[in-house]
Amino acid sequence: MATETKMNTNKKIRITDTTLRDAHQSLWATRMRTDDILKIAEEIDGAGYYSLECWGGATFDVCMRFLRENPWERLRQIKKVCVKTPLQMLFRGQNILGYKHYPDDIVERFTALACENGMDIFRVFDALNDPRNLEMAIKSVKKYGGHAQGTICYTTSPVHTVEKYVSLAKEQEAMGIDSLCIKDMAGILTPGAARELVSALVKAMPEMPIQIHSHMTSGMASAMYMAAAEAGAGCIDCAISTMSSFSSQPPTESMVSILESEGFDTGLDKAKLAKINAYFKELKAKRQPASSAKVEPVDAGVLVHAIPGGMISNLRSQLAQQDALDRLPEVLEELPKTRADMGYPPLVTPTSQIVGVQSVLNVLSGSRYSMVTDETKRYAAGYYGRTPAPIEPELRKRLCGDLEPIDCRPADLLKPGLLMAAAELPPYTIKAEEDILSYALFPEVALGYFKWRNADPAKREPIPADVEEAKKASAAVAAAAPAAGAPKADAASSVPAGTQVLAPLNGTFYRSDAPGKPQMAADGAAVKEGDAVCVVEAMKLFNPIKATANGKITFLVEHGKAVSKGQVLAVIA
């Protein structure tokens, strides 16, 4: 009889599909291509989802950097096919899609163009849960007719409580949000905690639709979704089964069965789900990176290190790029210590990247905080917002270096940037206004893409993703023929005499710290030991490289070229 009552309840719960964004970001290091999406988009559009998360997060950067695609064109193409289901994106508030704060005029114009190109729902979050960093984004989404979904970035620490989360939600409600998401990016929200938090939010904001986002990293998310639904959440994020679990979202098909057994109606077409899953099952063999294929099904360690799903796959990839994948356990042990040092930030982009990369540097350098990224310095100084807990004063002083700490809304210090970005771009590179926004967000990446796009197709450099896949295809052959260890090119044989400045990591070498800025040190210039003289961009963050002696510096690497760990960048004599 109890079962009959449940089955007749017919409570409605909606499901957002994350396959086209978060799922492949979490499992495939964001390697899904636009053509991959368009071949199955019509079926996905007809499956009955509440929304399709298909843009934002790392997709924008990776489109240009690795896939040599225009992310704006991807959005337009998906919108052209998906006419039944709203499109959804992940929007990092004042960070938009990048790793720093952008001026208000760029936030507003980006939002306007995203709406114009087909975006419907904007999940707006701030990595520090600082409401000041949400204001402009939410205001812009409302102004241009989008659905503004506010966000609580969930984490646990001595300073995070249900009361504080409810207070944060109420502040966003006052800003005019249309719905609220609890974003459990690491999969650490337990069923009991979800029930408590959702119940408190429903009580405080009875008219506010609540959506739940999580990852299966710890194995708890399916059970947590059920508890959240019973407590009053009306929507959950899932991925088609082949693209689910591990560090991705719970499987759609399984959640449909679980929910239906408890009297909920999802409205999804199971036959279409099966067809969609078959497509991605076939695609998986081609697109899944080798490093992701070795991921354990459940990582209970996430309950300690709390690394979000998307960061797990990137962290493995980044360590592999540094030839240091074997040191992952050390990094996972270091990460919670670094997070505590930095005021217990929720680990979601960009703070996950900042804390994660700083943890990697703390391990690889052999001395904690002997190497500090520009982003860590700015984070400690308040340029990302207010940290959940204060950073210990002496450590903060060490991390900030010569950067003066601030207490105001970070974006208040930024000059309008749209016209400046347009002026910096060579006219021949601009094909549409969207190109200016792409450059404003990712200057070096966009310029690299524009240069590739404008080149004669017959003379273009290979697409990085194609090169990566070719390496994967030949890996089995290489593994079958154990090498005696082919020696690396001896760069030292042509290096002039002097004190060497070495690359501490594999990455990209830059003479300036941003496009259009002067070189940090000219060839032949006198430098002092400890001066920042160049930059190596590694793991998407900028690492200032300091002079190792007093004297005149001579650079040996061209601006924008890839470098290897230990490579001589310059000599000082």
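Because the structure is a prediction, the values reported are computed rather than measured.

**Q** Even after reading the chapter, I still don't get the confidence of the model for the protein chain, so can you show me in this structure?
**A** Low pLDDT marks stretches whose predicted atomic positions should not be read closely. Averaged over the protein chain, the pLDDT score is 91; the fraction of residues at 70 or greater is 93%. Across residues 1-8 the pLDDT falls below 50, and counting only partners more than four positions away or on other chains, this stretch makes five contacts in the model. A low-confidence stretch, residues 483-492 (pLDDT under 50), is modelled with one contact involving residues beyond four sequence positions or located in other chains.

**Q** Sorry if this is basic, but what is going on with empty space enclosed by the protein here?
**A** By rolling a water-sized probe across the atoms, one finds the places where empty space is left. One pass over the full model with this rule turns up two cavities of 30 Å³ or more. Roughly 50 Å³ of volume is contained in the second largest cavity. Lining the second largest cavity are 10 residues, with Thr217, Ser247, Val295, Glu296 and Asp299 sitting closest to its centre.

**Q** Would you take a moment to explain the packing of aromatic side chains for this structure?
**A** Within a pair of aromatic rings, the relevant descriptors are the distance that separates the centres and the angle that separates the planes. For the coordinates displayed, the defined rule picks out 15 aromatic pairs. When the ring of phenylalanine 60 is compared with that of phenylalanine 110, the centres are 6.2 Å apart and the planes differ by 65 degrees; the resulting orientation is edge-to-face. Linking phenylalanine 60 in helix 5 (residues 59-65) with phenylalanine 110 in helix 7 (residues 104-116), this pair joins segments that are 50 residues apart in sequence. The pair phenylalanine 60 / phenylalanine 110 is uniform in exposure class, with both members buried. Judged by centre distance (5.1 Å) and plane angle (85 degrees), the ring pair of tyrosine 279 and phenylalanine 280 falls under edge-to-face. Phenylalanine 280 carries the same exposure label as tyrosine 279, and that label is buried.

**Q** In this structure, what is going on with the sheet that holds strand 13 (residues 526-527)? I would like to understand it.
**A** Sheet strands pair by backbone hydrogen bonding; their relative direction is either parallel or antiparallel. What the four strands build is an open sheet, ordered 11-18-16-13; its pairing is antiparallel. Edge positions in the open sheet fall to strand 11 (499-502) and strand 13, since each of these has one partner strand only. Taken together, the four bridges between strand 11 and strand 18 (residues 568-572) define a ladder with antiparallel strand orientation. Paired with threonine 499 across the strands is isoleucine 572, a residue of strand 18.

**Q** Looking at this structure, how should I read the environment of isoleucine 106?
**A** Tracing the backbone shows isoleucine 106 in helix 7. By relative accessible area, isoleucine 106 is classed as buried at 3%. Measuring from C-alpha to C-alpha, the distance between isoleucine 106 and isoleucine 96 comes to 8.9 Å, with 10 residues separating the pair along the chain. Sequence-distant contacts of isoleucine 106, that is, excluding residues within four places in its chain, are made with Ile96, Gly417, Leu418, Leu437, Ala440 and Leu441.

**Q** Whenever I open this one, the sheet that holds strand 6 (residues 147-153) confuses me. Can you help?
**A** If you trace the eight strands once around the closed barrel, you get 2-3-4-5-6-7-8-9, paired in parallel fashion. The average undirected angle you get between the axes of adjacent strands in this sheet is 30 degrees. With two bridges connecting them, strand 2 (residues 14-17) and strand 3 (residues 51-56) associate as parallel partners. Along strand 3, the bridge assignment pairs aspartate 17 with leucine 52.

Conventions we followed
Residues numbered from 1 in each chain as written. Predicted model: local features only at pLDDT ≥ 70, side-chain atom pairs only at ≥ 80, totals over all residues. Heavy atoms only, no water. pLDDT = per-residue confidence, 0-100. Contact = heavy atoms within 4.5 Å. 1 Å grid on protein atoms, 1.4 Å probe; cavity = no way out; pocket = protein on both sides within 12 Å on 5 of 7 lines; lining within 4 Å. Points joined across faces, edges and corners; volume = space filled by probe spheres on them. Phe/Tyr/Trp six-rings, centres within 6.5 Å; stacked < 30°, edge-to-face > 60°. Helix = DSSP H or I, 4+ residues; strand = E, 2+ residues; numbered from the N terminus. Buried < 20%, exposed > 50% of the residue type's maximum accessible area, 1.4 Å probe, protein only. Pairing = 2+ DSSP bridges. Axes fitted to C-alpha atoms, helices over the stretch in contact; angles between N-to-C directions.

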